[in-house]
Amino acid sequence: MQKKHINIIIGLVIATLLSSCSVRRFVPEGKHFLDENKVVIKNKPVEFTKSDVSTYIIQKPFFKTKLSSHNPVKTYYRAQRHPKNRFLQWMNRHVGEEPEYFDPELAYQSTQQIEQYLDNRGYFNSKVTVETKVSKRRRKRHLIRAIYTIEAAEPYRISKINYQIEDTVIARSLQRIEQRFPAKEGDIYNAYTLDNQRTMITDFLRNTGYYYFTKDYITYEVDSSFNNHTLEVTMKIANAKDKKTNKTHPHKRYYINNINIYPDHSPFLVNAPYTDSTTISFSNNFRNIPNTLHFYFHNKPYIRPSTFSQIIQIYQGRPYRQQLVSQTYSALSSLKIISSSSIEFDTVPSPNDTLNLLDCNIMLRRNNFHSIKLQAEGTNSGGDLGISGSITYTNKNIFHGSESLLLSVKGGLEAQEITDMFQIEQSDRSVFNTSELIFTSSLNIPRFLSPFPLKTFVRDYQPKTTFSLGGSVQVRYAYSRYISMGTFGYDWKANPRLQFIVTPFYLNFVKVNPIPEFQALLDQESNQRLKNQYTNHLIYGGRYSVIYNTQNINRTGNYIYLRGNLESSGGLVSLFNGTRLLTDSDNHHELFGIRYAQYIRADIDFRQYIRLGDKSMLVFRQLIGAGIPYGNSYDMPFERCFYSGGSTGMRAWDYRKLGPGAYVPTDENVNIERIGDLQLELNAELRFPIRKSMNGALFMDAGNIWNYHANDLLPNGEFHFNTFYNQLAIDAGFGVRFDFNIAVIRIDAALPIRYPYPNEFGKHWRTDIMDTHFVFNIGYPF
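I will try to describe carefully the structure that is included in this document. (Residues numbered from 1 in each chain as written. Predicted model: local features only at pLDDT ≥ 70, side-chain atom pairs only at ≥ 80, totals over all residues. Heavy atoms only, no water.)

### Details of helix H5 (residues 104–120)
The terminal C-alpha atoms of H5 lie 25 Å apart, and with 17 residues this matches the ideal 24 Å at 1.5 Å per residue to within 8%. All of the buried residues along H5 are Ala 107, Ser 110, Thr 111, Ile 114, Tyr 117 and Leu 118. Relative to the axis of H5, the buried residues are bounded by an arc of 125° and lie together on one face. Contacts made by the buried residues of H5 are with helix H2 (50–54), strand E2 (127–134), strand E3 (143–151) and helix H7 (191–206). Positioned one or two residues after H5, Gly 122 has a phi angle of 95°, which is positive. (Helix = DSSP H or I, 4+ residues; strand = E, 2+ residues; numbered from the N terminus. Expected span 1.5 Å × (residues − 1). Buried < 20%, exposed > 50% of the residue type's maximum accessible area, 1.4 Å probe, protein only. Arc of directions from axis to C-beta. Contact = heavy atoms within 4.5 Å.)

What follows is the structure in structure tokens.
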């Protein structure tokens, strides 16, 4: 944490402690803070909302939310009154905020902007007025409300749409998409819809070869009839104009000539000669049209030219298409060895006007081949403290095709709470009684490796292939656990919002070595689910994930995030039951002497992000998951079960300390890790600014986990449709988040207000301030 951030935190704490009077005392006579902008719409119904209008109000409330602290403003006032007080000046530099008073001129300008917006929406000659009201309450007389009243006029509707297109070739082309035009006869006039139509036509033409076509060639003429509130709209598309002769001519349709690629382009080597060049030809489209790429190198080639056979979507001899240029940009960005790319087009001189050609020049800048990252951190896993360190090596061009190899080693020590069931003497315990060593490796290949060519799929979606191998060794005071893992899969985006991850091969092998004392306890244990947590098992199957994300980092607004996962294990292996490949043991089948897991698991994570002003947001999350063991498994594998509690879920309960169902923890089983086959969780969080890099949050969490089968160790934990809703736990709380750009430090205080089981008085709803659970973590919970 940087020193200035520490000063901000200290300053806010001191300012809060010293704050004992209202900010009203400092506000000069005749000045007010804008408390609220209210929009009133008369003459409803209308086809615009208060939210649409509010965006055109220039001045926003000074205190962002009702919970915003006034201390920064009071700190500023105090510093201004005592300019020689060094302590107050220090406070003002770090936490002070200069006040912004209500400005009537900005309010008037806002009415003009709203009227212009209404004109653009077809409500011509509407009247917008603003009225201000000072709060009558004595403690709030420094606050003022601005009320914007809209008297909406009768809207004008489009009676007829005419088209005047000078270029007959373009006129015939647009007939194919005319039915998709957003502006329709009979609709209320909307200048924004007409502008969207200009964009739609421009995109269509630039994707059919018209490289130089822009929106400026499209104009509208509007003829109004004031008697019946109708408009006649004429859309005009002008011919192109020659800059030299100033004569107009039909728009030219351009075709791709040469495609030149400069993999080691540098602005410092513009005039330097190229030392090497090569040319490759390939066919990578559904029509098997050959494509030729010309490569020019200043230095020794560092990347195989064939790498670009699936990357370059621009085709020689085909019409220019802006969409393919964008797809090529996106594909080039997936190459880790490329730091930046630029695609430019130059016209090719032609002896006649019958053929218009463009040379495509692709300039690439190389990234560093190698990188090493060292990291040390403190950990907190459900209240168990520890330390860890890791080293990660990345090679971004391991096989000279922009294949990215990642190797990572991580080690950690943790002080885990010892459960009574282990019955180990205190003398055998140390401060850090758990150690872990993790090795991970992955190879990301920016190509689709498959025995099937699928050229159209590869061209449109640019899928990547990923291999991963890993393993870990965890040594606890009662047992050692060895995990080996391997995966193979594909990853691609259907569009900027929709992503697919397919893992047809997933292997996870878990081997557990208990110490003799613990093994003796396991042999005596009658609960099979508990024993399964410490037995060897094999997971072999596949996964399928879909991610839909409407967030746009270039815009502010509402968005949603949806991730669905489906996985299956053991289905393919079970086909070999009864063969020599598998052996039978105690009513189950084993592969290489290890029982394989057989189950189907699905889960959905759905999130809604709703903007409330510039920096405030309301966030909802819904988690639903279910795992069904069958065939060779009676229970789900421990690591594929669901759990509840922790810093990102039910925050008033520790990690894996909630549920299942209405299970009541006892002194003997209080430390057992609680897992389930089903999960339901609902979260709501209101996020709002407090001061600069300090934000606040009010939240509520509801949820639980359940088992399919009754379990003697965790009674009342099974799922029933007629009782599960009465077994939901609920918590509520307040959080503070410090946003330091590189990281968000989060402190949440959560209080359980409803338990999944009743107390001795039969009450589920109960609170005790001493049960408040504090969460310290990095990053937002969701």
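Moving on, there is more to tell.
### A word on the side chain of Asn 397
By the element assignment, Asn 397 lies in the loop between strand E15 (384–395) and strand E16 (404–414). Owing to a relative accessible area of 2%, Asn 397 belongs among the buried residues under this scheme. In terms of polar contacts, Asn 397 uses its side chain to reach the backbone amide nitrogen of Ser 402, at 2.7 Å. Discounting residues that sit within four places of it in the chain, Asn 397 has contacts with Tyr 302, Ile 337, Phe 369, Ser 402 and Glu 403. (Polar contact = N/O pair within 3.5 Å; in protein donor to acceptor, adjacent residues only side chain to side chain.)

### Considering the nonpolar core
With 29 residues, the main nonpolar core has Leu 293, Phe 308, Ile 314, Phe 345 and Ile 362 as its most contacted residues. Of all the elements in the fold, those that place two or more residues in this core are strand E9 (254–262), strand E10 (276–283), strand E11 (290–297), helix H8 (322–333), strand E12 (338–348) and strand E13 (356–366). With near-sequence residues (within four places) excluded, Ile 314 lies in contact with Ile 256, Ile 259, Asn 291, Leu 324, Val 325, Thr 328, Ile 343, Phe 345 and Cys 360. Membership of the second largest hydrophobic core comes to 19 residues, among which are Leu 34, Tyr 117, Ile 150 and Ile 188. (Core = buried A, V, L, I, M, F, W, Y, C linked by side-chain atoms within 4.5 Å.)

### Quick look at unusual backbone geometry
In this structure, the amide linkage connecting Gly 659 to the following residue, Pro 660, adopts the cis form with an omega of -5°. Secondary-structure assignment places Pro 660 in the loop between strand E27 (616–629) and strand E28 (678–691). The backbone of Ser 402 sits at a positive phi, close to 65°, despite the residue not being glycine. With respect to the element layout, Ser 402 can be found in the loop between E15 and E16. Its identity is not glycine, yet Arg 656 carries a phi of approximately 60°, on the positive side. Tracing the chain through its elements places Arg 656 in the loop between E27 and E28.

### Focus on the packing of aromatic side chains
One pass over the structure, following the stated rule, counts 40 aromatic pairs. Seen from their ring centres, Tyr 117 and Tyr 192 are 5.8 Å apart, and the 35° between their planes marks the pair as tilted. Taken as a pair, Tyr 117 in helix H5 and Tyr 192 in helix H7 lie far apart in primary sequence, 75 residues in all. Classification of Tyr 192 as partly exposed rests on a relative accessible area of 31%. Seen in terms of ring centroids, Phe 724 and Tyr 725 are 6.1 Å apart; in terms of plane orientation they differ by 80°. Their pairing is edge-to-face. Between the NZ or CZ atom of Arg 651 and the centre of the ring of Phe 699, over which it lies, the distance is 3.9 Å. Positioned above the aromatic ring of Tyr 643, the side-chain terminus of Arg 656 is 5.3 Å from the ring centre. (Phe/Tyr/Trp six-rings, centres within 6.5 Å; stacked < 30°, edge-to-face > 60°. Lys NZ or Arg CZ within 6 Å of the ring centre and 35° of its normal.)

### Some words on the pattern of salt bridges
Inspection of every chain in the model, using the stated rule, returns 18 salt bridges. With a closest N to O distance of 3.3 Å, Asp 195 and Lys 215 form a salt bridge. In this pair, Asp 195 sits in helix H7 while Lys 215 sits in the loop between H7 and strand E5 (218–225), placing the two residues 20 residues apart along the sequence. Its relative accessible area of 27% is what places Lys 215 among the partly exposed residues. Arg 737 serves as the salt-bridge partner of Asp 748, at 3.0 Å between the closest nitrogen and oxygen. Of this pair, Asp 748 sits in strand E31 (residues 744–754) while Arg 737 sits in strand E30 (residues 729–739); the two residues are eleven residues apart in sequence, bridging distant segments of the chain. The same class applies to Asp 748 and to Arg 737, which are both buried. If you follow the salt bridges from partner to partner, you end up with Arg 651, Glu 685, Arg 687, Asp 701, Arg 737, Arg 746 and Asp 748 in one network. (Salt bridge = Lys/Arg side-chain N within 4 Å of Asp/Glu carboxyl O.)

### Considerations on a positive patch on the surface
The grouping of Lys 38, Lys 44, Lys 50 and Lys 133 at the surface amounts to a positive patch. Note on placement: Lys 133 falls in strand E2. (Patch = residues over 30% accessible without salt bridge, like charges linked within 9 Å, V, L, I, M, F, W, Y side chains within 5 Å. Areas by Shrake-Rupley, 256 points an atom, 1.4 Å probe, with all protein chains shown as cover. Lys, Arg positive; Asp, Glu negative; His and termini not counted. Charge placed at Lys NZ, Arg CZ, Asp CG, Glu CD.)

### Points about the sheet that holds E9
If you trace the five strands from one edge of the open sheet to the other, you get E10-E11-E9-E13-E12, paired in mixed fashion. The sheet terminates laterally at E10 and E12, the two strands that pair on one side only. Going from strand to strand, the sheet's axes swing by 25° on average, the running direction of each strand aside. In the sheet, E9 pairs with E13 via seven bridges, with the strands oriented parallel. Across the sheet, the residue bridging to Ile 256 is Leu 358, located in E13. (Pairing = 2+ DSSP bridges. Axes fitted to C-alpha atoms, helices over the stretch in contact; angles between N-to-C directions.)

### Things to note about the sheet that holds strand E1 (residues 33–42)
The three strands are arranged E1-E3-E2 in an open sheet whose pairing can be described as mixed. At either end of the open sheet lies a strand with only one pairing partner, and these are E1 and E2. Geometrically, the sheet is characterised by an average inter-axis angle of 20° between neighbouring strands, direction not taken into account. Pairing analysis gives eight bridges linking E2 to E3, with the strands arranged antiparallel. Paired with Val 130 across the two strands is Tyr 148, which belongs to E3. Along the sheet face, H5 touches E2 and E3 and points at about 150° away from the line of E2.

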